[in-house]
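Residue-level listing of the chains:
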Amino acid sequence: MDNKIKEFVEKLFSEAGKAGFEEYEVYFGSDNSIGVSVREGKVIQYENSDMAALSFRGLYQGQMGYSFTEDFSEEQIPFLLEQAKDNCKVLELKESVTVYEGDKEYPEYSGFSEDLTQLRYEEMANMALELEKKLLAYDSRIEAVDDCCVDYGYAEILIRNSKGMQCFAADNGMGVYVGCRAKENEDVQTYGKSWSFMKRSDFDVDYCAKYVGEHVIAKLGAKPVPSVKTPVVLDKVAARALLASFTGSFSAEAMQKGLSRLAGKVGERIANEKITIIDEGMIGNSPLCIPFDSEGVGAKRTVVVDKGIFVSPLHNRKTALVDGVESTGNGFRGSAKGSLGVSPTNFHLENGTASLEELFSKMGNGVYITSVAGLHAGINGVSGDFSLMAEGFTVENGKVGRPVNQITIADNFFEMLMKIDTLGNDVDYYANDAGHVQSPCLLIPDVSVSGE
Amino acid sequence: MLSDVSISRILTAALCHGGDFSEVYIERSKSSSISLLNGVVEGTSSNLICGIGIRILEGDKCVYVYSNDLQNEEKLIRMAKEASASLSEVPGGRTIYLKPMINYTSQKCEIHPTSVSKAEKILKLRKAAETASNYSSLITQTSASTADVEKDVWIANSDGLYVQDTRCRTRLMIQAIASSGNNKEYGYFGPGSGEGYEFFERYDLDASAREAARIAATMIDAKPCPSGKMPVVLGNGFGGVIFHEACGHALEATAVGIKASCFTDMEGKQIASSIVNAFDDARIAKEWGSYEVDDEGTPSQTTQLIKDGILNSYLIDKIGSRRMNVASTGCARRESYTYSPTSRMSNTFIANGETDPKDIIADTEYGLYCANMGGGSVDTATGEFNFAVNEAYVIRNGKVCEPVKGATLVGKGNDVLMNIDRVGNDLKLAQGMCGSESGTIPVDVGQPTIRVQDITVGGQA
């Protein structure tokens, strides 16, 4: 960590005590990144950033007030303390939870790759240029690679409070995103995908170019299907996107505010017996690991749904106190600027046993959905209703048929949890395209598809 | 704040190796927010953000570096030099001198939001929350919040341009939730303005609260929306999100400049039905999406995008103007100094036509009337867009009938624009946030009531 920041935190701590805060905490986050984008064989954009931000919170006359700064000059300290006090004065709900004394032990964690620190601008540019070249060479119908970027990021988080808790984590990662456009006659299709890597040698440019090339070409000639109620297979990308949109329903905060349909359902069946959902901070040596939450509670493994029975919602310390349980280590802020809420860590709908092909043969005839769009608007997070733009392929007699676009799929998420027929076995937590929310492919009977 | 001399030094350093143009964007913004859940203050925040973005162009190639360490001039100069060195190894460059500063005031703030006590704002919000809550016994929850920002920006570039602008925006957001059994439906209303706290002094908060509650209470009993292709009447105001998604984004130079738009090379050609006229107008006084000068220091303008169905102009920023060899339309925007600017919309709307909206409904035998829209998204290369409908009704025999819920509309921009067969005379603007390459920025959408002959409606029924 930067010495200037360390000194700032020391000074802030000594002033906070003098200013009459009974307890206080800082949450510091920094982010350094470089990114290179290429197009038509040339670097077209190079970005480099250096960002740091600090949030202060302090307990003053029974209220917890927050303040925030990106300016680490000493004269900001009185401003931070004063803002936090001002914010205490207008809060009306008595703060029940104060700062956390910390766990005795934290899981061992290394999200930092020495190998990646060797990454330089020229190497990143070459990676991106090669990827663009190979993707364009994959098929003559690929007209352009509109986005092709490689970036590297290094981030630090420090949480430190007046109860002596100190949590620090530093991690880095390399990301690759490529999106391209293919054209055949008047038909234009696009496809994009991102990966993240912990070692430079893990990036396999041939694999990435082929993957994106295959997927965009497969979409050429896509058209709608007639409007119908039909079984669908959601591939793991579409299933994951849908699940990610409803993780909020499993938060105790949403339940306590009456904003989740799962409120009051702990111990009850909310899904069929094939469904198990786990939230897990640490998954092996994955770069996705989160060793502690924004309150400094160490990573846990929470069985959220066990064979269809709703076992536990996700908690931060405040929601846990209300329910008389322990925090599940899900107290997160989006950034130093954000306030503390409840978010999942690694949220997994566990694998079933069927392969994707087995789902197709079991379905016989229906639609295979490979992508959904409009998730920020087309879902009702409380009722579970969703209606989303989708694309994919027809499935006829158990075989993948022609490409489909310009359709919507509509259903209710909670009813879907009850009626999922078969779960695939294709979640790989360690894959370079894995995200924090994962689901296998799913066979779901009777989904409303709207098209022609 | 960095001095003029420091800014000149950074602009000079940014051209010390490669690059034909350098630019500095410095921002200092104060924002605050208060939110009430069921009438009780749940959260409040005050943030101060300041930072700098340094951009170097060489042809249409762009290098962008940013930092929030404004104290450290030497570090900023080093970042600028490194950025320049990424363009060329050969030393070169020139010394940049700034012309006198031009001052703009995109929004004149009569009452600074920070000068008003939080207690006073809370009082207003609580009253609005009560109004929403009392609207109907179906309303079980409310949230009411305000957010305001006062932003000062300084933009300087290697042409010697040096401008300063002050921007102020205030927004109210009211959400009501109606419950019935297991079911919950939202109603939302979120007016905003390019003004200070005076917006709250003159605005009827209770009317917004009633509107949010009315939508929730109406939709709670709604049946699932029918599916399939059908005629759709889109109400005025936020209905304009259809033009924003189906056309607006695809007219931005970000997409057109690299030929990745479905409207590439269509200038002067018909892209919409001949009754459609559309504008992007950043100069409407006090409007949420307005500004006097864009984030590259170019004065804003009123741009006619579509004239009688013919594509009249794209939205062009500096890089776009280099790629397309046309002048900037003053539309370069960014969320903050952490984003390099690009072509964006401001207040974008379909202009008034001649038809009375009542006649549009009366003239529709069967279809969907979308009274309130939610957000959407688009793939500008294919023109495929989608957006959610928050309040919809079935139209039968020229009459608005029962409410239906859960509808999403999908289509292709080029098809839908040609399919607009009625344009009403009740133009209204509505406020929203638009997310794209250069971050999330305030924009207005708008339109009079319009009818699209045929569009895919996705519902559960």
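Small disclaimer: the values here were computed from a predicted structure and weren't measured.

Trainee: In this structure, what is going on with the sheet that holds strand 9 (residues 301-306) of chain A? I would like to understand it.
Mentor: Strand pairing in a sheet relies on backbone hydrogen bonds, with the paired strands running either antiparallel or parallel. Strand order in the open sheet formed by 5 strands is 10-9-8-13-18 (chain A), and the pairing between neighbours is mixed. Bordering the open sheet on either side are strand 10 (309-310) and strand 18 (437-438) of chain A, each of which pairs with just one other strand.

Trainee: Can you help me understand unusual backbone geometry in this one?
Mentor: Residue and element names in this part refer to chain B. Phi is positive for Lys286, close to 65°, though the residue is something other than glycine. Relative to the helices and strands, Lys286 is located in the loop between strand 11 (278-281) and strand 12 (302-307). Accessibility expressed as a relative area gives 46% for Lys286, which makes it partly exposed. Of note in the backbone geometry, Asn397 takes a positive phi value of approximately 50° without being a glycine. With respect to the helices and strands, the residue Asn397 is situated in the loop between strand 18 (384-396) and strand 19 (399-405).

Trainee: What's the story with empty space enclosed by the protein in this structure? I'm lost.
Mentor: Picture a little ball the size of a water molecule; that probe, rolled over the atoms, points out where space is still empty. All names here are of chain A. Within this structure, the stated rule accounts for 4 cavities of 30 Å³ or more. The wall of the largest cavity is formed by Leu234, Ala239, Leu242, Leu243, Leu349, Phe413, Met416, Leu417, Ile420, Ser439 and Leu442. Those elements that provide at least two residues to the lining of the largest cavity are helix 6 (236-245) and helix 10 (413-419). Partitioned by chemical class, the residues of the lining of the largest cavity number 10 nonpolar, 1 polar and no charged.

Trainee: Is there a simple way to explain the pattern of salt bridges in this structure?
Mentor: A side chain with one charge may pair with a side chain of the opposite charge, provided their charged atoms come close. Under the definition given, this model contains 51 salt bridges over all chains. A salt bridge links Glu74 of chain A to Lys11 of chain A; the nearest nitrogen and oxygen atoms lie 3.7 Å apart. Of the two residues, Glu74 of chain A is situated in the loop between strand 3 (63-69) and helix 2 (76-90) and Lys11 of chain A in helix 1 (residues 3-18); the sequence distance between them amounts to 63 residues. What makes Glu74 of chain A exposed here is its relative accessible area of 52%. Close ionic contact of Glu130 of chain A with Lys134 of chain A constitutes a salt bridge, the shortest N to O distance being 3.3 Å. Of the two residues, Glu130 of chain A and Lys134 of chain A both sit in helix 4 (residues 121-138), 4 residues apart, roughly one turn of that helix. It is possible to trace a salt-bridge network through shared partners that takes in Lys4 and Asp50 of chain A together with Asp69 and Lys75 of chain B.

Trainee: Hey, could you run me through the domain arrangement of chain B in this one?
Mentor: The accessible area lost on association of the parts is a frequent measure of interface size. Residue and element names in this part refer to chain B. Domain annotation of chain B identifies domain 1 (4-219) and domain 2 (223-458). Relative to domain 2, the C-alpha centre of domain 1 lies at a distance of 23 Å. With 49 residues of domain 1 at the interface, the matching set in domain 2 holds 38 residues. Along the contact surface separating domain 1 from domain 2 lie 8 salt bridges. Linking Asp20 and Arg322 is a salt bridge whose minimum nitrogen-to-oxygen distance equals 2.7 Å. Remark: the boundary between domain 1 and domain 2 carries 22 residue pairs in polar contact (both at pLDDT 80 or more). Broken down by element, the side of domain 1 that touches domain 2 gets its largest block of residues, 8 residues, from strand 2 (residues 40-58).

Conventions we followed
- Residues numbered from 1 in each chain as written.
- Chains lettered and ligands numbered in written order.
- Predicted model: local features only at pLDDT ≥ 70, side-chain atom pairs only at ≥ 80, totals over all residues.
- Heavy atoms only, no water.
- Pairing = 2+ DSSP bridges.
- Helix = DSSP H or I, 4+ residues; strand = E, 2+ residues; numbered from the N terminus.
- Buried < 20%, exposed > 50% of the residue type's maximum accessible area, 1.4 Å probe, protein only.
- 1 Å grid on protein atoms, 1.4 Å probe; cavity = no way out; pocket = protein on both sides within 12 Å on 5 of 7 lines; lining within 4 Å.
- Points joined across faces, edges and corners; volume = space filled by probe spheres on them.
- Nonpolar A, V, L, I, M, F, W, Y, C, P; charged D, E, K, R; others polar.
- Salt bridge = Lys/Arg side-chain N within 4 Å of Asp/Glu carboxyl O.
- Domains from an automatic or database assignment.
- Contact = heavy atoms within 4.5 Å.
- Polar contact = N/O pair within 3.5 Å; in protein donor to acceptor, adjacent residues only side chain to side chain.

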